[in-house]
Amino acid sequence: MAEPYRIRPAHPADLPAIAAGERECFSDPWSQGSIAELFNNETVLGLVAESGGSDSRLAGYVFARAIAGEGEILNIAVLPADRGRGVGGQLLDRVLGDLDGRGVGSVFLEVRESNEAARRLYLARGFRPVGLRTDYYRKPRENALVLRRELKSTLN
Ligand SMILES: CC(C)(COP(=O)(O)OP(=O)(O)OC[C@H]1O[C@@H](n2cnc3c(N)ncnc32)[C@H](O)[C@@H]1OP(=O)(O)O)[C@@H](O)C(=O)NCCC(=O)NCCS
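Report follows, based on the coordinates. (Residues numbered from 1 in each chain as written. Predicted model: local features only at pLDDT ≥ 70, side-chain atom pairs only at ≥ 80, totals over all residues.)

### Brief notes about the nonpolar core
Let me state the cut-off plainly: Here a nonpolar core is just a set of buried residues of the types Ala, Val, Leu, Ile, Met, Phe, Trp, Tyr and Cys, joined wherever their C-beta atoms sit within 7 Å. Counting other C-beta atoms within 10 Å of a residue's C-beta gives its exposure: the residue is buried at 20 or more, exposed at 12 or fewer, and partly exposed in between, where C-beta atoms are placed from the backbone. Secondary structure elements follow DSSP: runs of H or I no shorter than four residues count as helices, runs of E no shorter than two count as strands, and numbering proceeds from the N terminus. By the convention adopted here, residues make contact when the C-beta atoms placed from their backbones lie within 7 Å.
Within the largest apolar cluster, 34 residues are counted, with the highest numbers of intra-cluster contacts made by Tyr 61, Val 62, Ala 64, Leu 91, Val 95 and Leu 99. Elements that contribute at least two residues to this core include exactly α2 (32-39), β2 (44-51), β3 (58-67), β4 (70-78), α3 (87-101), β5 (106-112) and β7 (142-150). Here this core takes seven residues from β3, the largest share from any one element. Those residues in contact with Leu 99 that sit more than four places away from it in its chain are Ala 64, Ala 66, Gly 71, Val 104, Val 107 and Leu 151.

In structure tokens form, the structure reads like this:
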């Protein structure tokens with residue numbers, strides 16, 4: 001049976017687990033200090049996914065920013081053991097709903113060209129390519145695709 005997951009707002013107490021997740025999920029992880037700054041920024045919202053049961057632990061997280069009606073997905077990750085079970089999709093759906101609630105019309109994000117799993121996740125959620133940033137990433141150096149999706153606020 002699939003392990004149940006719970007999505008909730010991220011708290012500063014989640015910082016060490018999120019920083020460990022960064023190191024596990026990315027070749028060029030954000031530092032704990034950079035993540036801590038997100039918690040001090042009122043334009044940023046963060047969500048975590050926790051595995052259910054008594055040994056509740058971090059399974060994934062997402063951070064997004066909303067400024068002047070425009071949103072950006074800053075980071076999203078699901079720990080390797082929890083992938084392929086819909087957690088990334090749930091995190092993305094929830095954060096898009098929260099951005100919509102903050103009056104965001106368009107949401108942007110960047111993704112490595114080679115990141116098939118993330119690109120499919122975003123395509124399935126209605127994101128479409130709108131640009132390319134050459135050599136945007138390091139470790140390894142790689143182009144970023146810029147994707148955009150409109151939210152309800154502008155579609156109404
Ligand atoms: C991208 C990531 C967040 C997806 O999380 P996940 O929980 O495995 O995703 P889900 O199970 O919700 O899958 C949602 C959709 O993503 C796509 N997808 C997910 N994993 C995939 C894979 N390995 N290969 C191809 N497509 C994949 C599929 O379209 C899937 O829909 P489906 O189940 O109907 O086929 C996860 O792979 C991850 O953390 N990767 C490392 C960090 C990262 O790259 N973050 C994105 C930075 S831009």
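Resuming the write-up.
### A word on the site of the ligand
Rules: Any residue qualifies as near a molecule or strand once its backbone-derived C-beta atom lies within 6 Å of it. Three categories are distinguished: nonpolar for Ala, Val, Leu, Ile, Met, Phe, Trp, Tyr, Cys and Pro, charged for Asp, Glu, Lys and Arg, and polar for the others, with Gly belonging to the last.
Near the ligand lie 19 residues; those nearest to it are Arg 83, Gly 88, Gly 89, Ala 117 and Leu 121. Contributing elements (two or more residues each) for the shell around the ligand: β4, α3 and α4 (116-124). Residue contributions to the shell around the ligand peak at six residues, all from α4. Here the shell around the ligand is built from residues that sort into 10 nonpolar, five polar and four charged.

### With respect to the sheet that holds β3
To keep it simple, the criterion reads: Strand pairing is defined by DSSP finding a minimum of two bridges between the two strands. Note on method: axes are straight lines fitted to C-alpha atoms, helices fitted across the in-contact stretch only, with angles between N-to-C directions ranging 0 to 180 degrees.
Strand order in the open sheet made by the seven strands is β1-β2-β3-β4-β5-β7-β6, with mixed pairing throughout. In this open sheet, the two strands that pair with only one neighbour each are β1 (5-9) and β6 (128-137). Between one strand axis and the next, the sheet turns through 25° on average, direction left out of account. Relative to β3, β2 runs antiparallel, the two sharing seven bridges. The residue bridging Val 48 from the neighbouring strand is Tyr 61, located in β3.

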